[in-house]
Amino acid sequence: MSTERPRRAVVTGIGVIAPNGLRADAYWKSVREGLGVLDRITREGCEDLPLKVAGEVRGFDASTLIEDRFLVQTDRFSHYTMAAAQLALDDAGLPRENPEEPFEVGVVTAAGSGGGEFGQRELQKLWGQGSKFVGPYQSIAWFYAASTGQISIRSGLKGPCGVVASDEAGGLDAIAHAARGVRRGTGAVLVGAAEAPLAPYSMVCQLGYPELSTVEDPDRAYRPFTAGACGFVPAEGGGMLVVEDESRARDRGAAVRAVVAGHGATFTGASRWEESREGLARAIRVALDEAGCAPEEVDVVFADALGVPEADRAEALAIADALGAHATRVPVTAPKTGIGRAYCGAPVLDTAAAVFAMEHGVVPPTPNVFDICHDLDLVMSRARPAELRTALVLSRGLMGSNAALVVRRGDDSAR
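In this report, we go over the structure that sits alongside the text. (Residues numbered from 1 in each chain as written. Predicted model: local features only at pLDDT ≥ 70, side-chain atom pairs only at ≥ 80, totals over all residues. Heavy atoms only, no water.)

Quick notes on the side chain of Arg341
Right, so step 1: Following the sequence through the fold, Arg341 ends up in the loop between strand 10 (331-333) and helix 12 (345-360).
Right, so step 2: If we skip the residues at most four places from it in the chain, Arg341 touches Tyr222, Phe232, Val233, Pro234, Ala235, Asp304, Ala305, Leu306, Lys336, Ala346 and Arg396. (Helix = DSSP H or I, 4+ residues; strand = E, 2+ residues; numbered from the N terminus. Contact = heavy atoms within 4.5 Å.)

Okay, structure coming up:
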């Protein structure tokens, strides 16, 4: 019988491009302080649309991080993803290109909105000027798989690559996919998601979501778990993580920041929020079982926090169903209320925040939320010091996907 220790998937690098920070440290500082950056949308062509408030990534200059030949081939959502990927590789101490081990590192991304801005621009050329004016990259830049492909090509990463298409919850599903790949033998996987849904065509598509908030006051547009909940506001950006085999990480002297311990996923149907209670609770139980984690071991919950009354109620009840009596005692937070929901990128940003929260021993607050109407210990107003060893991250998609991820503090976490 083999006595070899099972491979563990650990987080060794974090890269973030978000409305509240263009690096992981800047993002965490803003999250920890509970800063809200929701504001009026300023993108050209969006002025007359009913959606007025969102989380824009401002001050981002893609040309400082990405070569021109990749910029012209890709949409803004891939610019964010490639930039976050490079930051994650740097944070993990991995070389951008490793010709000696090209098949040791893979790439997995999730995407929900795709390259709408690029696609709209090229289609306008088609109908306004003719087919000869449409660029050849129209065939790939809009596609959900574009970011995975471009990161792989740019960095020479030839390990297992993939794209997860499972709604907003795909951000968590992608991390789980990467972790399973590592446990099966892959050295490391660059994984995550970033979105760019703030372009006219993309925004018109989103207006079909009944859950979207069209409130014009940034302080009131996205307030989940409150009596005034009126939907969610979208956001740009996202994050990338380096998920790596623990032994490999330690052999090269990398810090083990967190362990990807367990994951669960279910599907309950589009906008069926009452049914999402059972689906999300099931996902939480599966994630806890895979992690070998008892409900009372969960030290913090990063909520999905959709901001729709029925969905908020279903999530609160799902947490109660899965965690039992511990549900009313465990701190719950939703930092995304300060920046908006970046679709597939949102749960990746929450996972990054969970890693930082465990490292620093503090639960970040939920911006713009002050008076909840559910039986949750929601952290509001200011950060709360706490001993954190296990975090539960939740995500649901508008089309019906539910996911839960358990991450545990790494042995090398600095406090």
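Focus: the packing of aromatic side chains
Right, so step 1: Considering all chains together, one arrives at five aromatic pairs under this definition.
Right, so step 2: When the ring of Trp142 is compared with that of Phe143, the centres are 5.3 Å apart and the planes differ by 65 degrees; the resulting orientation is edge-to-face.
Right, so step 3: Taken together, Trp142, Phe143 and Tyr144 form an aromatic cluster joined through their ring pairs.
Right, so step 4: Taking NZ or CZ as reference, Arg341 lies 5.7 Å from the ring centre of Phe232, over its face. (Phe/Tyr/Trp six-rings, centres within 6.5 Å; stacked < 30°, edge-to-face > 60°. Lys NZ or Arg CZ within 6 Å of the ring centre and 35° of its normal.)

Digging into the layout of surface pockets
Right, so step 1: In this structure, the largest pocket spans a volume of roughly 520 Å³.
Right, so step 2: Gly112, Ser113, Gly114, Tyr144 and Tyr209 are, among the 24 residues lining the largest pocket, the residues nearest its centre.
Right, so step 3: Grouping the amino acids of the lining of the largest pocket by side-chain chemistry returns 11 nonpolar, 11 polar and two charged. (1 Å grid on protein atoms, 1.4 Å probe; cavity = no way out; pocket = protein on both sides within 12 Å on 5 of 7 lines; lining within 4 Å. Points joined across faces, edges and corners; volume = space filled by probe spheres on them. Nonpolar A, V, L, I, M, F, W, Y, C, P; charged D, E, K, R; others polar.)

Quick look at the pairing of strand 1 (residues 9-17)
The two faces of the sheet receive side chains in turn, since in a regular strand these alternate between them.
Right, so step 1: Across the nine residues that make up strand 1, a large majority, nine, are buried.
Right, so step 2: With two bridges connecting them, strand 1 and strand 8 (residues 258-267) associate as antiparallel partners. Residue Val11 lies in a different strand from strand 8, and its bridge partner there is Ala258. (Buried < 20%, exposed > 50% of the residue type's maximum accessible area, 1.4 Å probe, protein only. Pairing = 2+ DSSP bridges.)

Structural notes on the packing of helix 3 (residues 76-92) against helix 6 (residues 146-155)
Right, so step 1: It is at 9 Å that the axes of helix 3 and helix 6 come closest, and there the two elements cross at 45 degrees. If you check the angle between helix 3 and helix 6, you find them oblique. Here helix 3 runs over helix 6; the crossing is right-handed. Contacts between helix 3 and helix 6 involve Phe77, Ser78, Thr81, Met82, Ala85, Gln86 and Leu89 from the former and Ala146, Ser147, Gln150, Ile151, Arg154 and Ser155 from the latter.
Right, so step 2: Residue composition of the contact of helix 3 with helix 6, grouped by class: six nonpolar, six polar and one charged. (Axes fitted to C-alpha atoms, helices over the stretch in contact; angles between N-to-C directions. Parallel < 35°, antiparallel > 145°, perpendicular 65-115°, else oblique. Left-handed = near helix turned anticlockwise from the far one by under 90°.)

Here's the deal with helix 10 (residues 273-291)
Right, so step 1: Its 19 residues give helix 10 an end-to-end C-alpha distance of 26 Å, which sits within 8% of 27 Å, the value for a rise of 1.5 Å per residue.
Right, so step 2: Within the span of helix 10, buried status applies to Trp273, Ser276, Gly279, Leu280, Ala281, Ala283, Ile284, Ala287, Leu288 and Ala291.
Right, so step 3: Contacts from the buried residues of helix 10 go to strand 8, helix 11 (309-323), strand 14 (390-396) and strand 15 (401-409).
Right, so step 4: Two residues or fewer past helix 10, Gly292 is found with a positive phi of approximately 65 degrees. (Expected span 1.5 Å × (residues − 1).)

Examining the pairing of strand 15
Right, so step 1: With eight of nine residues buried, strand 15 lies mostly within the body of the structure.
Right, so step 2: Strand direction decides the pairing type here: strand 8 and strand 15, joined by nine bridges, are antiparallel. Residue pairing across strands places Thr266 opposite Asn402, the latter belonging to strand 15.
Right, so step 3: By the bridge criterion, seven bridges tie strand 14 to strand 15 in an arrangement that is antiparallel. Paired with Thr390 across the two strands is Arg408, which belongs to strand 15.
Right, so step 4: With antiparallel pairing between neighbouring strands as the criterion, strand 14 and strand 15 make up a hairpin whose turn holds four residues, including Gly400 at a positive phi of roughly 120 degrees.

Points about unusual backbone geometry
Note on backbone geometry: most residues besides glycine have negative phi, and most peptide bonds are trans.
Right, so step 1: In this model, Asp167 sits at a positive phi of 75 degrees, which is unusual for a non-glycine residue.
Right, so step 2: Tracing the sequence through the fold places Asp167 in the loop between strand 5 (161-164) and helix 7 (170-184).
Right, so step 3: At Asn368, a residue that is not glycine, the phi angle is positive and equals roughly 70 degrees.
Right, so step 4: Inspection of the secondary structure assignment puts Asn368 in the loop between strand 11 (362-363) and strand 12 (377-378).
Right, so step 5: On the basis of relative accessibility, which here comes to 15%, the residue Asn368 falls in the buried class.

Examining the nonpolar core
Right, so step 1: Ile284, Val298, Val301, Leu323, Leu392 and Leu394 are the most contacted members of the largest nonpolar core, which totals 50 residues.
Right, so step 2: For this core, the elements supplying multiple residues, two or more each, are strand 3 (53-54), helix 10, helix 11, strand 14 and strand 15.
Right, so step 3: Beyond its immediate sequence surroundings of up to four residues, Val298 is in contact with Leu288, Cys293, Leu323, His326, Val330, Thr390 and Leu392. (Core = buried A, V, L, I, M, F, W, Y, C linked by side-chain atoms within 4.5 Å.)

Notes on helix 1 (residues 24-33)
Right, so step 1: Every buried residue of helix 1 is accounted for by Ala24, Tyr27, Trp28, Ser30 and Val31. For helix 1, the buried positions fall inside an angular range of 165 degrees around the axis, keeping them on one side.
Right, so step 2: Those residues of helix 1 hidden inside the fold are in contact with strand 1, helix 12 and strand 11.
Right, so step 3: Residue Gly34 follows helix 1 closely and has a positive phi angle near 70 degrees. (Arc of directions from axis to C-beta.)

Looking at a nonpolar patch on the surface
Right, so step 1: A cluster of nonpolar residues, Trp142, Phe143, Tyr144 and Val163, forms a patch on the protein surface that exposes about 360 Å² of accessible area.
Right, so step 2: As for its position among the elements, Tyr144 is in the loop between helix 5 (138-141) and helix 6.
Right, so step 3: For Tyr144, a relative accessible area of 35% corresponds to the partly exposed category. (Patch = residues over 30% accessible without salt bridge, like charges linked within 9 Å, V, L, I, M, F, W, Y side chains within 5 Å. Areas by Shrake-Rupley, 256 points an atom, 1.4 Å probe, with all protein chains shown as cover. Salt bridge = Lys/Arg side-chain N within 4 Å of Asp/Glu carboxyl O.)

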